[in-house]
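Next come the chains, spelled out residue by residue.
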Amino acid sequence: MRGMEPDHDVAIAGGGASAVLLALQLRRRWPGCRIGVAEPAARLGAGAAYATRQDEHLLNVPAGGMSADPDAPGDFVDHLRAQGFAADVAARYVPRRLYHDYLAARLRVLPGAAPHHARAEAVGYDPAGCALLLASGERLRARAVVLATGNRPRGLPVEVPAQAAGRVIGAWDHDAVAALPAAADVAIVGTGLSMVDAALGLHARGHRGRIVALSRHALLPLPHAAPGEAAVDLDALLALPLRARLHALRREAAALRRDGRPWQWLMQALRPHGVALWRSLGDADRARFLRHAVRYWDVHRHRIAPEAAAVLDAMIARGDLSLAQARLEAIAPEQGRLRLDARARDGRALQWRVDAAIDATGIETRLAHSADPLLAALREAGLVRAGPCGLGLDVDADGAVRDAGGRARDDLYAIGSLRIGAEWESVAIPELRVQAARIAARLAAHGG
Ligand SMILES: Cc1cc2nc3c(=O)[nH]c(=O)nc-3n(C[C@H](O)[C@H](O)[C@H](O)COP(=O)(O)OP(=O)(O)OC[C@H]3O[C@@H](n4cnc5c(N)ncnc54)[C@H](O)[C@@H]3O)c2cc1C
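Structure report, in brief.

Procedures and definitions
- Residues numbered from 1 in each chain as written.
- Predicted model: local features only at pLDDT ≥ 70, side-chain atom pairs only at ≥ 80, totals over all residues.
- Heavy atoms only, no water.
- Near = heavy atom within 4 Å.
- Polar contact = N/O pair within 3.5 Å; in protein donor to acceptor, adjacent residues only side chain to side chain.
- Areas by Shrake-Rupley, 256 points an atom, 1.4 Å probe, with all protein chains shown as cover.
- Helix = DSSP H or I, 4+ residues; strand = E, 2+ residues; numbered from the N terminus.
- Nonpolar A, V, L, I, M, F, W, Y, C, P; charged D, E, K, R; others polar.
- Salt bridge = Lys/Arg side-chain N within 4 Å of Asp/Glu carboxyl O.
- Buried < 20%, exposed > 50% of the residue type's maximum accessible area, 1.4 Å probe, protein only.
- Axes fitted to C-alpha atoms, helices over the stretch in contact; angles between N-to-C directions.
- Parallel < 35°, antiparallel > 145°, perpendicular 65-115°, else oblique.
- Contact = heavy atoms within 4.5 Å.
- Right-handed = clockwise from strand over helix to strand, strands pointing away.
- Pairing = 2+ DSSP bridges.
- Expected span 1.5 Å × (residues − 1).
- Bend = angle between axes of the 7 residues up to and from the residue.

**Here we look at the site of the ligand**
Part 1: Near the ligand lie 34 residues; those nearest to it are S18, E39, Y50, N60 and A122.
Part 2: Here a nitrogen atom of the ligand sits 3.3 Å away from a polar atom, N or O, in the side chain of R152.
Part 3: Burial of the ligand by the protein amounts to 91% of the accessible area it has alone, namely 990 Å².
Part 4: No other element matches the four residues that helix α2 (residues 47-50) contributes to the shell around the ligand.
Part 5: Considering only residue class, the shell around the ligand consists of 19 nonpolar, nine polar and six charged.

**Observations concerning the pattern of salt bridges**
Part 1: In this structure the tally under the stated criterion is 38 salt bridges.
Part 2: Where R139 meets D126, a salt bridge forms, and the shortest distance between an N and an O atom there is 2.8 Å. You can see R139 sitting in strand β6 (residues 139-141) and its partner D126 sitting in strand β4 (residues 122-126), a full 13 residues away along the chain.
Part 3: Salt-bridge contacts for D259 lead to R261; the nearest nitrogen and oxygen are separated by 3.1 Å.
Part 4: When its relative accessible area of 53% is taken as the criterion, D259 is described as exposed.
Part 5: Through salt bridges that share partners, D185, R210, R337 and D355 make up one connected network.

**With respect to the packing of helix α8 (residues 242-258) against helix α11 (residues 283-301)**
Part 1: α11 packs onto α8 with a crossing angle of 25° between their chain directions and a minimal axis gap of 10 Å. When the axis of α8 is compared with that of α11, the two are roughly parallel. Contacts between α8 and α11 involve L242, L246 and L249 on the former and, on the latter, D285, R288, F289, A293 and W297.
Part 2: For the contact of α8 with α11, the class distribution of residues is six nonpolar, no polar and two charged.

**A closer look at unusual backbone geometry**
Part 1: One non-glycine residue with positive phi stands out, namely A218, at about 50°.
Part 2: Relative to the helices and strands, A218 is located in the loop between β10 (211-215) and α7 (234-238).
Part 3: For A218, a relative accessible area of 15% translates into the label buried.
Part 4: The phi dihedral of Q335 is positive, around 45°, even though this residue is not glycine.

**Focus: the pairing of β10**
Part 1: In terms of residue burial, β10 counts as a mostly covered element, since five of its five residues are buried.
Part 2: Burial along β10 is two-sided: I211, A213 and S215 facing one way and V212 and L214 facing the other are all buried.
Part 3: Considered for its hand, the β-α-β crossover made up of strand β9 (residues 186-189), helix α6 (residues 193-204) and β10 is right-handed.
Part 4: Relative to strand β11 (residues 321-334), β10 is paired through five bridges, and the arrangement is parallel. The partner of V212 across the bridge, within β11, is S322.

**A few points about α11**
Part 1: With 19 residues, α11 extends only 21 Å from end C-alpha to end C-alpha; this falls clearly short of the ideal 27 Å at 1.5 Å per step.
Part 2: The sharpest bend along α11 comes to roughly 75°, located at A293.
Part 3: Among all positions in α11, only D285, R286, F289, A293, V294, W297, V299 and R301 are buried.
Part 4: Lining the buried residues of α11 we find α8, α9 (264-270) and α10 (274-279).

Right, dumping it as structure tokens:
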């Protein structure tokens, strides 16, 4: 960390949930720590996941697993109970907006001055002055900088002509999705969690138009089951290469099913070991996983609340929502509507004419493809390098960012999905709160 007289002890780029988790951990370990956050949005702790105010957008982790503090696992449940929820709320999938309210409440009672919130995007970093450079011209000078830029949409794989742009909506633009006329025919590109949000949002507003969701495999996220335990032999799994590992897991899942127990218990048992499982794979196996297995892994791993799955199933059964296995090839305006051209997996040309398209293609995790100007600037300056398989940033075990030469820096850290290449299991609160605690402990040891 630099020895100059900065305005802040720690500057955080990005003000989503990760930034709030980090601020809470910093203040606990380093009481007077002065924190600056660069975040264009008005609310800290909202980000991609918790900005929604719509009740149908549920957490995909039961409330009991969502504490902000790894040392106080019941903290979110305590907060909800203080709001009048019953004790059984720990097992429930509550609306995501309540999680933002919780983070905001914990931030409000943080001892000391509130973090300085600079309402601007961070676009560069000056390593000599240890300063985040903001699009507004402001500089956040600090002893250390933490990159918490989170999830950025990947964007459609085709160019959208200017005349069609107004009819193409991002799935996280919940207000725009909610404003679609009930009779509009809608195509959703992508069939993952963002598609689920969009479809549930349309359903909750009594949508009557046709909805088609397309992706190359058209796999939907699977539902959670009631909690239960399954045993995994972690050492045996870690010793296996990818193919044999996946076979072993399929055998385990089949054995559970034979006993009348849900396969979800196996995924739940594997959950805390995601980082170890990823790290134990060689580069070739990681690349194989991304090419052949990730889409199947994701729908089993990133499950949705059973009540959300039930609504989707009913929409499909009624024909309100149809799924198509197809790769989008073009979007064009046509007589005031949109024409989508796609290629089915068997090579057939497919076409839809709709009133609007929703981009639910998910997040961009490849560093070289990131649209974040800050990451681009850091990469060009050789201050960061891509993590394994080109995903996110390369970091050490505490999240210190490695520069182009592989040296872990003492002024730059990363939290959240930027660590996906190094750790894989690095997007949900159970991992983020641990990352926040470790970064805070390291920074406090140097500066607190
Ligand atoms: C739709 C959705 C639902 C989810 N549901 C759950 C759930 O139920 N449970 C769970 O555990 N996890 C869930 N997740 C996972 C999610 O990644 C984390 O829970 C959490 O939201 C991650 O927070 P974050 O701050 O790391 O990233 P984000 O939420 O993406 O926040 C990053 C913030 O950084 C800002 N930013 C980006 N670039 C810059 C820059 N250059 N300068 C300044 N600011 C910048 C953005 O404006 C944004 O506010 C969900 C994710 C999504 C997308």
